[in-house]
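Chain residues, written in single-letter form:
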Amino acid sequence: MGTEDLVARDLQHVWHPFTQHAVWSADRPLVIDRGEGMHLIDTDGNRYLDGCSSLWVNVHGHRVPEVDDAIRHQLDRLAHSTFLGLTHEPGIELAEKLLATAPGSGTRRLTRVFYAGDGSSAVEAAIKMAFQAKAQNGHDRPLYLHVAEGYHGDTLGAVSVGGIELFHHTYRPILLDTVMIPSPGLRDAGQTPADRAREVLEVARALLAREGHRVCAVVVEPMVQAAAGMLTHDTEFLRGMRALADEHGTYLVADEVATGIGRTGRMWAVEHAGVVPDLLTCGKGLTAGYLPLSAVLATEEIWGSFLGAPWQGRTFFHGHSYTANPLCAAAAIANLDLIATTGTLAHARHVGDRIGELTRGLEAYHGVVEIRRIGTMTGIEVRSAGADRRTGFEVCQLARERGVLIRPLGDVVVLMPPLAIGDDDLDTLVGTVDSCIREVLG
Ligand SMILES: Cc1ncc(COP(=O)(O)O)c(C=O)c1O
């Protein structure tokens with residue numbers, strides 16, 4: 001089937017996520033046909049460097065033999081069986097492997113895995129768990145504390161704890177009750193990250209002093225608010241939120257959907273601050289960017305509050321048709337094995353350092369507002385050229401013409417290559433983006 005024909009059929013029937021269809025056809029949709037290592041290849045045979053890890057999910061590249069084989073091998077045994085009241089080896093093995101990487105020791109450890117589908121559904125499960133666990137311990141706490149500029153997904157619970165006006169304001173009338181603190185990643189000119197963290201913690205302290213007895217969970221993106229444009233914050237913020245959550249008997253939910261599985265150069269972003277959450281969500285890179293699978297990791301204390309006789313109603317009445325799908329679990333196991341055996345985390349730190357070095361020249365460029373980075377997650381904020389121009393988008397379109405696929409967040413150009421990207425591809429990625437930014441901004 002030719003490209004023109006596929007595009008015409010797509011435009012006839014398909015509704016794409018986060019896509020304004022009134023203008024999409026003018027953007028000349030790309031039809032991706034196959035993947036090969038760090039590249040995607042379209043139906044006309046053009047190759048593109050996958051500079052956004054296929055939206056922050058890819059870890060080792062495309063068509064990785066170990067992951068491909070693991071899925072094929074699993075396919076020969078079982079594609080799917082329900083996890084409701086039954087179990088299977090890939091689901092069990094993945095839980096063990098995931099927990100072996102989880103932060104925590106002593107009394108605060110993550111010891112239980114609940115599977116979900118996408119990142120949003122993991123967040124949804126985590127916030128329901130927090131509410132129910134408190135309720136089952138005799139506390140009526142229907143409120144969530146969350147962070148401005150936060151993003152946790154697009155289902156209603158996840159939107160409720162989000163804080164990006166553009167994405168979320170439409171739905172405010174139909175959301176859960178929350179209280180919101182300012183973003184620790186937005187700073188006044190001259191303010192240090194540590195000062196900003198302290199300022200936001202003061203607001204959180206005051207809010208919790210008033211509402212803490214009604215708050216079941218504090219929901220944060222550890223170290224970086226990714227969808228807000230890679231807004232990084234000081235480790236003190238996470239440590240402070242942990243302490244405040246403890247003080248008020250509320251759970252700390254660390255949403256590691258974007259940051260987890262090595263994206264920040266550590267397996268989990270909370271490790272940067274030495275913080276152990278009560279609930280941790282992960283998704284995206286969990287299956288190496290192959291298949292939709294996410295998980296909530298919970299402490300034994302939370303797990304324990306769900307135990308009781310069946311008629312007591314303490315069951316977590318939550319799950320999905322495809323919970324713990326064995327093909328997804330097989331991909332995730334192969335991914336975790338590769339991470340452990342090929343030094344992926346150390347390599348991710350090298351990639352991050354190299355991006356830092358390669359983008360240094362751009363920092364002083366007149367059209368660049370700020371470059372923010374943690375590990376392989378990089379946001380280059382460019383000067384806005386006005387409401388009727390989409391500067392970030394224009395940079396990405398130009399990069400695409402030059403064989404690099406990236407996707408902007410407003411006026412923030414995002415670079416997030418697969419963790420395993422080699423130096424040559426990385427140099428091409430950053431070099432291309434650098435020249436595109438200079439050209440678009442003039
Ligand atoms: C921190 C965070 N949580 C949750 C999500 C939602 O994940 P998904 O798109 O898989 O539903 C995202 C997606 O970008 C995210 O960055």
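Refer to the structure above for everything that follows.
Since this is a predicted model, take the numbers as computed values, not measurements.

Rules behind the numbers
Residues numbered from 1 in each chain as written. Predicted model: local features only at pLDDT ≥ 70, side-chain atom pairs only at ≥ 80, totals over all residues. Heavy atoms only, no water. Near = heavy atom within 4 Å. Polar contact = N/O pair within 3.5 Å; in protein donor to acceptor, adjacent residues only side chain to side chain. Nonpolar A, V, L, I, M, F, W, Y, C, P; charged D, E, K, R; others polar. Axes fitted to C-alpha atoms, helices over the stretch in contact; angles between N-to-C directions. Helix = DSSP H or I, 4+ residues; strand = E, 2+ residues; numbered from the N terminus. Left-handed = near helix turned anticlockwise from the far one by under 90°. Contact = heavy atoms within 4.5 Å. Expected span 1.5 Å × (residues − 1). Buried < 20%, exposed > 50% of the residue type's maximum accessible area, 1.4 Å probe, protein only. Arc of directions from axis to C-beta. Phe/Tyr/Trp six-rings, centres within 6.5 Å; stacked < 30°, edge-to-face > 60°. Lys NZ or Arg CZ within 6 Å of the ring centre and 35° of its normal. Pairing = 2+ DSSP bridges.

Peer 1: Before we move on, can you summarise the site of the ligand with the specific residues and values?
Peer 2: Around the ligand, the surrounding shell consists of Trp 56, Asp 118, Gly 119, Ser 120, Tyr 151, His 152, Gly 153, Glu 221, Asp 255, Val 257, Ala 258 and Lys 284. Within the backbone of Gly 119, an N or O atom sits 2.8 Å from an oxygen atom of the ligand. Measuring from a nitrogen atom of the ligand, one finds a side-chain N or O atom of Asp 255 at 2.6 Å. A breakdown of the residues in the shell around the ligand according to their chemical character gives 4 nonpolar, 4 polar and 4 charged.

Peer 1: A description of the packing of helix 4 (residues 65-75) against helix 12 (residues 326-342) should follow, citing residues and the corresponding values.
Peer 2: Where helix 4 meets helix 12, the closest approach of the two axes is 8 Å, and the angle between their N-to-C directions is 150°. Of the two possible hands of crossing, helix 4 and helix 12 adopt the one that is right-handed. Residues Glu 66, Val 67, Ala 70, Ile 71, Gln 74 and Leu 75 of helix 4 lie in contact with helix 12, whose contacting residues are Pro 326, Leu 327, Ala 330, Ala 331, Ala 334 and Leu 338.

Peer 1: Any details on helix 13 (residues 344-358)? Residues and values, ideally.
Peer 2: Turn by turn, an α-helix covers 3.6 residues, leaving residues three or four places apart pointing in a common direction. Between the first and last C-alpha of helix 13 there are 20 Å, a value that for 15 residues agrees with the 21 Å anticipated at 1.5 Å per step. Of all the residues in helix 13, the buried ones are Thr 344, Ala 348, Val 351, Gly 352, Ile 355 and Gly 356. When helix 13 is viewed along its axis, its buried side chains cluster within an angular range of 140° and face the same direction. Buried residues along helix 13 sit against helix 12, helix 14 (360-363), strand 14 (368-374), strand 15 (377-382) and helix 16 (423-441).

Peer 1: A description of the packing of aromatic side chains should follow, citing residues and the corresponding values.
Peer 2: Counting across every chain of the model gives 5 aromatic pairs. For the pair Phe 83 and Tyr 115, a centre-to-centre distance of 5.9 Å together with 70° between the ring planes defines the contact as edge-to-face. Within this pair, whereas Phe 83 is found in the loop between helix 4 and helix 5 (89-101), its partner Tyr 115 is found in strand 5 (residues 108-116), the two being separated by 32 residues in sequence. Look at Phe 83 and you get partly exposed, because its relative accessible area is 21%. Owing to a relative accessible area of 3%, Tyr 115 belongs among the buried residues under this scheme. Between the aromatic rings of Tyr 151 and Phe 167, the centroid separation amounts to 5.9 Å while the plane-to-plane angle is 75°, which identifies the pairing as edge-to-face. Of the two residues, Tyr 151 sits in the loop between strand 6 (143-147) and helix 7 (156-160) while Phe 167 sits in helix 8 (residues 165-168), which places them 16 residues apart along the sequence. Grouping aromatic residues by their ring pairs yields a cluster made of Phe 18, Tyr 151 and Phe 167. The positively charged end of Lys 134 is found above the aromatic ring belonging to Tyr 251, 4.2 Å away from the centroid. The ring of Phe 393 carries Arg 390 above its face, with NZ or CZ at 3.7 Å from the centroid.

Peer 1: Got a sec to walk through the sheet that holds strand 3 (residues 47-50)? Specific residues and values, please.
Peer 2: Strands in a sheet are paired, the pairing made by backbone hydrogen bonds, and the direction either parallel or antiparallel. Within the open sheet, the 4 strands sit side by side as 1-2-3-16. Their pairing is mixed. At either end of the open sheet lies a strand with only one pairing partner, and these are strand 1 (32-36) and strand 16 (404-405). Direction of pairing for strand 2 (residues 39-42) relative to strand 3: antiparallel, over a ladder of 3 bridges. Following the sheet pairing, Ile 41 is matched in strand 3 by Arg 47.

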